[in-house]
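Structural overview
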Amino acid sequence: MQFKISALFVLLLFLSLAAAGCSSLELKPASFGWAVEDVVMVESDGTVKVERYMLTADVSKLYFEETGDSSGIAGNQLRIIRDNAGYYYMTARGFKNVYVFEADDAALSLVNKITVYEEDVLTEPAMNQRAPYIELLDSGKLPVKFNKDGLVKEE
Amino acid sequence: MKMYFAVLTFLLVSLNVSILVAQQSDYEIQKAYESAHKSLLQRIDNAESVTELLSLREEIAGLKNKYQPHSTLLDNALYPDNFSSSIAKLETQWSVAQTRLAQVEELEDENEDLQNRVITLTTRLEQLEDTVKILRKENAKLLGELSKLRTTRTGRTGNTGEIRELESKLTDNIRRRDELIAEMLTKIFSGYSSDFTSLSESQRNVIRSDVEEGSVLANLLYLAQDNLQFVKNGLFDSFGFKELVDNYEQFNQDWETLKPKIAVIYAENEEGSKMISAIDSTISDWKFALKESMWSSIYQLFLAYDVKVFQFFDGQEFIQSMKQYIDSNMSNVDELNEETYAVFVDTLWNGRLDSSWIPMLIERDVVTVEQITEVKQKMNDWHDKIYGGSNSMLYIIIGIILIAAIVSGIFLFGKKNKKESGKDDLNDYADTTEENEYEADENEEEKK
């Protein structure tokens, strides 16, 4: 019995030490927002490159997700912007959705997929930085705002 | 109520429309600004006049005003620039372009002035060249006439009036040509550095072209040749000859100044080098001809009066010749006559040489004062031989007479004084006797 108590004590001690060692250093506040969206051309290998921010990503799967086809996407324009929280927003002409990604280990992981207009596709989309939101404009439509969680209504 | 609803609907629709119209992508704003900025920058760079630049300055101000409301967006978007620095870049570029264009316009003005100057110069050179050609033809004709007249001239009373008139015309023509060519040279070379080695190839080409346009080298050669011919064909008095020498010296001096410049311009140009050598050679001949002409002119004076002196070609020979002539006339007593003496000494030497040629020969170190004194001494001796005594003997005789007169004067004066002093002695004696008698009387009275 005494052995069990001792073992439990050692285990608790170990866990508390481990918890102390794992507590992360956090720098706050931090802002990742881009002043203006970037419009980049999809390369023949399906990648896009944002020169100013040194961002490169393969967007083939994004197009496949949106249209069900990732062939013939070379030359398409993709619009990308990053909000202050560090999430990337991507959309393009002909899309119905805005895709929200977060940076991962050498990857961009989908966080959210925001459907802007139920019926229509985007014809002339453009995204503006309107911290803490991102604003989406489209030709002949009212602007909408959203964050990583989805559309927000104007107060 | 229905009316109220309609107004509300209208307002809402209007609001939506205005929102739709007003909405603009930041990306579009950035791209539009960048595009306008780039275009403006290019147009500033390509501007070709200050006037064009002035309108671009207004466009810069317009761009700045138009995008001022988006300055915060552009400050962030225009990495690594910002709105202010990008406008500043335009303004700096504008200033650079303005300076450049001002310089270009200034250079263009200068260039235009230069072109006008070239046109004026070319026209003037053509006029000068034409005048020089006419003068040259006229000179050739005059020289021909002069030569003809001289070959037909005989004796001392030749047709000198006509010859002098021609000579005068020729001298005037040559002087005018000289002045015209000097004007050409001044026009061609003015405005350039005196150090011709520092001239650029294009400047040398311009000068060479001008020199060729006015046929300057050819004209200089012709001028030297004509002067040479004139000197060769002429007999001159000392004043005319002095003018010729001055003319030669001026030409030679000008040529010595000009030659190094011409040599630079015609470096590695065979034709130019030949012309330079030809002018040098003609000037050298001209100098020699002047010397010959001077001795010839003096010699001709003797011949004109039939005075047979040995011909002379330099100062030494001239003095020698004069001495020999006098000596031969003195030694040959039979031929001694007053007329030969009078022609040589009074007419030629004193009348024609001593007041004109001789001072010039001395001035130019052709003969010395001592040599001339020697010749004059010989003339005195000659005079003595002819007129039976020398002046010095006369002076000696006069001196002796004077001395004799003085001596006799002194003698006579001395004698007269002696007589007067004898009278005085007697008077003294009388005075003394009177005094003695007076003293004796006084002594006798005292004794009493």
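Sequence order as written defines residue numbering, which begins from 1 separately in each chain. Chain letters start at A and ligand numbers start at 1, both assigned in the order the entries are written. Since the coordinates come from a predicted model, pLDDT governs what is reported: local features require at least 70, and pairs of side-chain atoms require 80 or more to be given and counted, while whole-chain, interface and lining totals use all residues. Just so you know, side-chain values use all the structure's heavy atoms and leave hydrogens and water out.

1. As for the confidence of the model for chain A
Heads up, the rule is: pLDDT runs from 0 to 100 and stands for how confident the predictor is about each residue. The way it works is that DSSP assigns letters per residue, a run of H or I at least four long becomes a helix, a run of E at least two long becomes a strand, and they are numbered from the N terminus.
For chain A, mean pLDDT is 89; residues scoring 70 or higher make up 84% of the total. Mean pLDDT values over the elements of chain A span from 60, in helix H1 (residues 2-22) of chain A, up to 98, in strand S5 (residues 88-91) of chain A.

2. Some details on the pairing of strand S6 (residues 97-104) of chain A
Residues and elements named next belong to chain A. Quick reminder of the rule: At least two DSSP bridges between two strands are needed for those strands to be called paired.
As judged from the 3 bridges shared by S5 and S6, these two strands associate in the antiparallel manner. When the bridges of S6 are listed, Met90 appears paired with Tyr99. Two successive antiparallel strands, S5 and S6, enclose a turn made up of 5 residues, where Gly94 displays a positive phi of approximately 90°. As paired elements, S6 and strand S7 (residues 107-115) share 8 bridges and run antiparallel to each other. Residue Asp104 lies in a different strand from S7, and its bridge partner there is Ala107. Turn length for the S6-S7 hairpin, with the two strands adjacent in sequence and antiparallel, is 2 residues, and the turn residue Ala106 shows positive phi of about 55°.

3. Here's the deal with helix H10 (residues 270-304) of chain B
Basically, it comes down to this: Helix span, as expected, comes to 1.5 Å for every residue beyond the first.
In a regular helix each residue adds 1.5 Å, so 35 residues correspond to 51 Å; H10 of chain B covers 49 Å between its end C-alpha atoms and thus fits that length. Asp306 of chain B sits one or two positions beyond H10 of chain B and adopts a positive phi of about 60°.

4. Regarding the sheet that holds strand S9 (residues 133-137) of chain A
Residues and elements named next belong to chain A. Convention followed: Helix axes are fitted to C-alpha atoms over the stretch in contact, other axes to C-alpha atoms as well, and angles between N-to-C directions run from 0 to 180 degrees.
Strand order in the open sheet made by the 4 strands is S8-S9-S10-S11, with antiparallel pairing throughout. Edge positions in the sheet fall to strand S8 (126-130) and strand S11 (150-152), since each of these pairs with one other strand and no more. Here the average twist between neighbouring strands, direction ignored, is 40°. Sheet topology note: the S9/strand S10 (residues 144-147) ladder contains 3 bridges and is antiparallel. By the bridge assignment for S10, Glu135 is matched with Lys145.

5. Comments concerning the nonpolar core
Keep this limit in mind: Only buried Ala, Val, Leu, Ile, Met, Phe, Trp, Tyr and Cys residues count toward a nonpolar core, and they belong to the same one when joined by side-chain atoms within 4.5 Å. Type-normalised accessible area, obtained with a 1.4 Å probe on protein chains alone, sets the label of each residue: buried when under 20%, exposed when over 50%, and partly exposed for intermediate values. Here a residue-residue contact requires only that any non-hydrogen atoms of the pair lie within 4.5 Å.
Membership of the largest hydrophobic core comes to 81 residues, with the highest contact counts inside it found for Phe189, Ile298, Phe302, Phe318 and Phe344 of chain B. Ranked by the residues each element gives to this core, the list is headed by H10 of chain B, at 12 residues. Among residues more than four places away in sequence, those in contact with Phe318 of chain B are Trp295, Ile298, Phe302, Phe312, Trp349, Leu353, Ile358, Leu361 and Val367 of chain B. Ranked by size, the runner-up nonpolar core spans 32 residues in total, among them Tyr88, Tyr89, Ala92 and Leu122 of chain A.

6. Here we look at a negative patch on the surface
Basically, it comes down to this: By definition, no residue in a patch forms a salt bridge, and every one has over 30% relative accessible area; like charges are joined within 9 Å, nonpolar side chains (Val, Leu, Ile, Met, Phe, Trp, Tyr) within 5 Å. The Shrake-Rupley method, run with a 1.4 Å probe sphere, supplies the accessible areas, and residue values consider only the shown protein chains as cover. The salt bridge definition used is simple: a Lys or Arg side-chain nitrogen within 4 Å of an Asp or Glu carboxyl oxygen. When charges are tallied, Lys and Arg are placed among the positive residues and Asp and Glu among the negative ones, while His and the ends of the chain are skipped. Here the site of a charge means atom NZ of a Lys, CZ of an Arg, CG of an Asp or CD of a Glu.
A cluster of acidic residues, Glu106, Glu108, Asp109, Glu110, Glu112 and Asp113 of chain B, forms a negative patch at the surface. The residue Glu108 of chain B is located in helix H5 (residues 83-152) in this model.

7. Details of the sheet that holds strand S4 (residues 77-82) of chain A
Residue and element names in this part refer to chain A. Taken in spatial order, the 5 strands line up as S1-S4-S5-S6-S7 in an open sheet, and their pairing is antiparallel. Strand pairing shows two members of the sheet lacking a second neighbour, strand S1 (38-41) and S7, which therefore form its edges. Across the sheet, the mean angle separating the axes of adjacent strands is 30° when strand polarity is ignored. Both S1 and S4 contribute to a ladder of 4 bridges, which runs antiparallel.

8. What to know about the interface of chain B and chain A
The condition is simple: Once two parts are brought into contact, the accessible area they lose, counted with a 1.4 Å probe and summed over both, makes up the buried area.
Taken together, the contact pairs 13 residues of chain B with 17 residues of chain A. Carbon and sulfur atoms supply 58% of the area that chain B and chain A bury against each other, a total of about 1200 Å² over both sides. Taken together, the connections running from chain B to chain A amount to 1 salt bridge. As a salt-bridge pair, Asp26 of chain B and Arg130 of chain A come within 2.9 Å of each other at their nearest N and O atoms.

9. A closer look at the pattern of salt bridges
By the definition in use, this model includes 18 salt bridges over all chains. One salt bridge in this structure joins Arg130 of chain A and Glu135 of chain A, with 3.6 Å as the shortest N-O distance. The partly exposed category is assigned to Arg130 of chain A, whose relative accessible area is 28%. Here Lys89 of chain B and Asp81 of chain B are joined by a salt bridge, their closest N and O atoms 3.2 Å apart.

10. Brief notes about the environment of Leu54 of chain B
Within the element layout of this structure, Leu54 of chain B appears in helix H3 (residues 50-67). In the structure, Leu54 of chain B is positioned 44 residues away from Gln98 of chain B in sequence and 8.9 Å away in space, judged by C-alpha atoms.

11. Observations concerning the packing of aromatic side chains
Here is the rule we go by: Working definition: rings of Phe, Tyr and Trp (its six-membered ring) pair if their centres are within 6.5 Å, and the pair is stacked with planes under 30 degrees apart, edge-to-face with planes over 60 apart, and tilted otherwise.
For the structure shown, the criterion picks out 21 aromatic pairs over all chains. Geometrically, the ring pair formed by Tyr63 of chain A and Phe95 of chain A is edge-to-face, given 5.3 Å between the ring centres and 75° between the ring planes. Residue Tyr63 of chain A is located in helix H2 (residues 60-67), and its partner Phe95 of chain A is located in the loop between S5 and S6; the two are separated by 32 residues in the primary sequence. The pair Tyr63 of chain A / Phe95 of chain A is uniform in exposure class, with both members buried. Among the aromatic residues, those joined into a cluster by ring pairs are Trp295, Tyr299, Phe302, Phe312, Phe318, Tyr325, Tyr341, Phe344, Trp349 and Trp382 of chain B.

12. With respect to the packing of H10 of chain B against helix H12 (residues 338-363) of chain B
Residue and element names in this part refer to chain B. This is how it is decided: In this scheme, roughly parallel covers angles under 35 degrees and roughly antiparallel covers those over 145, while 65 to 115 is roughly perpendicular and the rest are oblique. By convention the crossing between two helices is left-handed if the near helix lies anticlockwise of the far one by an angle smaller than a right angle, and right-handed if it lies clockwise. Three classes are used, and their members are as follows: Ala, Val, Leu, Ile, Met, Phe, Trp, Tyr, Cys and Pro are nonpolar, Asp, Glu, Lys and Arg are charged, and the others, Gly among them, are polar.
Packing of H10 against H12 leaves a shortest axis separation of 11 Å and a crossing angle of 170°. The angle between H10 and H12 falls in the class roughly antiparallel. As for the relative orientation of H10 and H12, their crossing is right-handed in sense. Along the contact surface, H10 presents Met294, Trp295, Ser297, Ile298, Leu301 and Phe302, while H12 presents Phe344, Leu348, Arg352, Leu353, Trp357, Met360 and Leu361. Of the residues that constitute the contact of H10 with H12, the class distribution is 11 nonpolar, 1 polar and 1 charged.

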